[in-house]
Amino acid sequence: MAKSTSTPAPKKKPAVKALPRAKRQVPSPSQIQARKYDVVLYGASGFVGKQTVAHFAQLGHLKNAAGKPLRWALAGRSADKLAAVRAACGAGAKHADIVVADAQDAAALGQLAQDAHVVLSTAGPFALYGSELVAACVKHGTHYVDITGETPWVHGMIAQHHAAAVANGTRIIPFCGFDSVPSDLGTWLITQAMQEKYGEPCERVKACFTLQGGVNGGTLASALNFMGSDQAKMLADPFLLSPDRDRKRSSTGHQDPSGPSYDVDFKAWLGPFFMGPINTRVVRRSADLLTPARGKPMGYAKNFHYQEYLRFGGGPLAAAAATAFSAGMAASQFAMTLAPVRALAGKLAPGPGTGPSEGSMNRGSFRCELVGTSASGHAVRGRIADRGDPGNRATTKMVCEAALCLALQFDELPGGRSRGGLLTPASGLGAVLVARLRAAGMTFEVD
Ligand SMILES: NC(=O)c1ccc[n+]([C@@H]2O[C@H](COP(=O)([O-])OP(=O)(O)OC[C@H]3O[C@@H](n4cnc5c(N)ncnc54)[C@H](OP(=O)(O)O)[C@@H]3O)[C@@H](O)[C@H]2O)c1
């Protein structure tokens, strides 16, 4: 019998080491000071962008690392629109410069990135307007935050830029809005409290949300854009953003919930949360980035499990509502896979640049309750809450404070000066962002 020959098995890729240290020194404070702006607000003419300008217009009292007033600018594709936004934001914005750079203009974005210490972007859909800007920021060592919820786009940015951002110590931190700051920082706080109080890592964390708010035209445009792309099927992968995909983890037990359930810890009926497929991927990336490749896990257990839900309340009516909502969500998710339905939704939906009224944004609110458990059965509870529309008021506060963490408190951030990469709010900003958001009026409680 002829001997079968086989080609040698391909060499196994080494497991990705969590957050290796930068090989190249990050810019010194004096080099950063030499840049023209502490923060550039890109997408400043959009619905959320205008709110970031209004937020920065109130920061006249802040000083940068050199003790000088914070230097910031509005950026986008239209000088006229940006000038109108600046004028509408009053005296606090009048010294801010205007930088014109179209999202596809690599040369203009390169100059913008060289001039900025930190870029805050609200120009979405990010799959359409974000890629060149991220590339420019990584190239020039400019730290970056945004409010995307587009996991397939971030998956692509990780593949293209994570290694370079690790090597030059640039922090690129997407998901700094309502998706996914409460889920990511809330879970991180629970894991830290478990470690401190009981000396054990958290095996599981679950979160349930209640919220009141509206939807922006820009958010619908982003959802329609990626549902219509060939990346839509990536959304189902529970570990889409995890760095160690070579380990081919089983997704069993990590799939997104699809039906109603009664939860004894929350004493409530729960249903699937429409932002769960985004937030859970971000929290799982944080767990992987913050778990050492070797040695004892701290905070997040090796087989860490995270899930989140929408809360409906305790009675029989809540059970019916959770059931009806689950069925409606499954039906609408299926409908959005059909091109004619997406085309119709695109025609009927409010367009980019629109959003809820001022009154509706002021009446909005959110509350996220979390429970973490350890292998030996210890439990830690926490909650995060704020008033105001989650996708606008809370998102603006979160992303602006995230940018200020990088611009003003860089040396206090987790991982020290050299940590870089495509990070998450927990791995890139951690306790510094919690403290800034608390100071800005957001509730962060851990029992
Ligand atoms: N994480 C969260 O909780 C959260 C909450 C709200 C929104 N979002 C996301 O944030 C993004 C923005 O939302 P939004 O409601 O503010 O949307 P929007 O009002 O439509 O704003 C989009 C922005 O992108 C800019 N833009 C469009 N084409 C451009 C180009 N070629 N070059 C440069 N800039 C360009 C627009 O500039 P012009 O004004 O010149 O058109 C505008 O500033 C969306 O992706 C949305 O999904 C996330």
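These numbers come from a predicted model, not from an experiment.

### A closer look at the overall build of the protein
Scanning the protein from terminus to terminus reveals 16 helices and 14 strands. At 22 Å, the protein has a C-alpha radius of gyration in line with the 22 Å of a compact globule built from 447 residues. Among the 447 residues that make up the protein, the fraction classed as buried is 47%. Excluding contacts between residues fewer than 6 apart, the proportion of contacts in the protein whose partners are at least 24 apart in sequence is 80%.

### Observations regarding the pairing of strand S11 (residues 365–374)
Relative to S11, strand S7 (residues 202–212) runs antiparallel, the two sharing 10 bridges. Looking at S11, one finds that Lys-206 is bridged to Val-371. Note: S11 against strand S12 (residues 379–387), 9 bridges, orientation antiparallel. Residue pairing in the sheet places Leu-370 in a bridge with Gly-382 of S12. Between the end of S11 and the start of S12, which pair antiparallel, lie 4 residues, with Gly-377 showing a positive phi angle near 100°.

### Section: the domain arrangement of the protein
Split into domains, the protein comes out as domain 1 (29–178 + 393–446) and domain 2 (181–389). Each partner contributes residues to the interface: domain 1 has 35 residues there, and domain 2 has 41 residues. Of all the secondary-structure elements, those providing two or more residues to the side of domain 1 that touches domain 2 are helix H2 (47–57), helix H5 (126–129), helix H7 (151–168), helix H14 (390–408), helix H15 (425–428), helix H16 (430–439) and strand S14 (443–446). Tallying contributions element by element places H7 first for the side of domain 1 that touches domain 2, with 5 residues. A breakdown of the residues in the side of domain 1 that touches domain 2 according to their chemical character gives 21 nonpolar, 11 polar and 3 charged.

### Observations regarding the site of the ligand
The environment of the ligand is made up of 33 residues, and the closest members are Gly-46, Gly-124, Gly-177, Gly-218 and Pro-352. Residue assignment for the shell around the ligand shows that the elements contributing at least two residues are H2, H5, helix H9 (217–227) and H14. Top element by residues in the shell around the ligand is H9. It accounts for 4 residues. Among the residues making up the shell around the ligand, the classes are represented as 10 nonpolar, 19 polar and 4 charged. There are two domains that each give the shell around the ligand at least three residues, and those are domain 1 (29–178 + 393–446) and domain 2 (181–389).

### What to know about the environment of Arg-284
In this structure, Arg-284 sits in helix H10 (residues 276–289). Judged by the 25 C-beta atoms lying within 10 Å of it, Arg-284 is buried. In the structure, Arg-284 is positioned 31 residues away from Gly-253 in sequence and 13 Å away in space, judged by C-alpha atoms. Excluding its chain neighbours within four sequence positions, the residues that come into contact with Arg-284 are Pro-238, Phe-239, Leu-241, Ser-242 and Tyr-306.

### Some thoughts on the nonpolar core
Of all hydrophobic cores here, the largest spans 109 residues; its most connected members are Val-40, Leu-41, Ala-75, Val-119, Leu-120, Ala-402 and Ala-403. Residue-level mapping places this core at the junction of two domains, with at least three residues from each of domain 1 (29–178 + 393–446) and domain 2 (181–389). Setting aside chain neighbours within four positions, we find Ala-75 in contact with Val-40, Leu-41, Tyr-42, Ala-44, Val-99, Ala-101 and Leu-112.

### Comments concerning the sheet that holds strand S6 (residues 171–173)
The 7 strands lie next to each other as S3-S2-S1-S4-S5-S6-S13, forming an open sheet whose pairing is parallel. Each edge of the open sheet carries a strand with a single partner, namely strand S3 (97–100) and strand S13 (421–422). Strand direction decides the pairing type here: strand S5 (residues 143–146) and S6, joined by 2 bridges, are parallel. Considered in S6, the bridge of Tyr-144 is made with Ile-172.

Thresholds applied
- The written sequence of each chain sets the order in which its residues are numbered from 1.
- For this predicted model, a pLDDT threshold of at least 70 governs which residues receive local features, and a threshold of 80 or more governs which side-chain atom pairs are given and counted, while totals over whole chains, interfaces and linings are taken from all residues.
- Secondary structure elements are taken from DSSP: a helix is a run of H or I of four residues or more, a strand is a run of E of two residues or more, and numbering for both begins at the N terminus.
- As a reference, a globule follows 2.2 Å times the number of residues to the power 0.38, and the radius of gyration itself is taken over C-alpha atoms.
- Any residue whose C-beta has 12 or fewer other C-beta atoms within 10 Å is treated as exposed, any with 20 or more as buried, and any in between as partly exposed, C-beta atoms being built from the backbone.
- Contact between residues is assigned whenever the C-beta positions, reconstructed from backbone atoms, fall within 7 Å.
- At least two bridges found by DSSP between two strands is the condition for calling them paired.
- Those domain boundaries reflect an automatic or database domain assignment.
- By the convention adopted, Pro, Cys, Tyr, Trp, Phe, Met, Ile, Leu, Val and Ala count as nonpolar, Lys, Arg, Asp and Glu as charged, and the other residues, Gly among them, as polar.
- Using a C-beta atom placed from the backbone, a residue is described as near a molecule or strand when that atom lies within 6 Å of it.
- Here, a nonpolar core denotes buried Ala, Val, Leu, Ile, Met, Phe, Trp, Tyr and Cys residues that are linked to one another through C-beta atoms within 7 Å.

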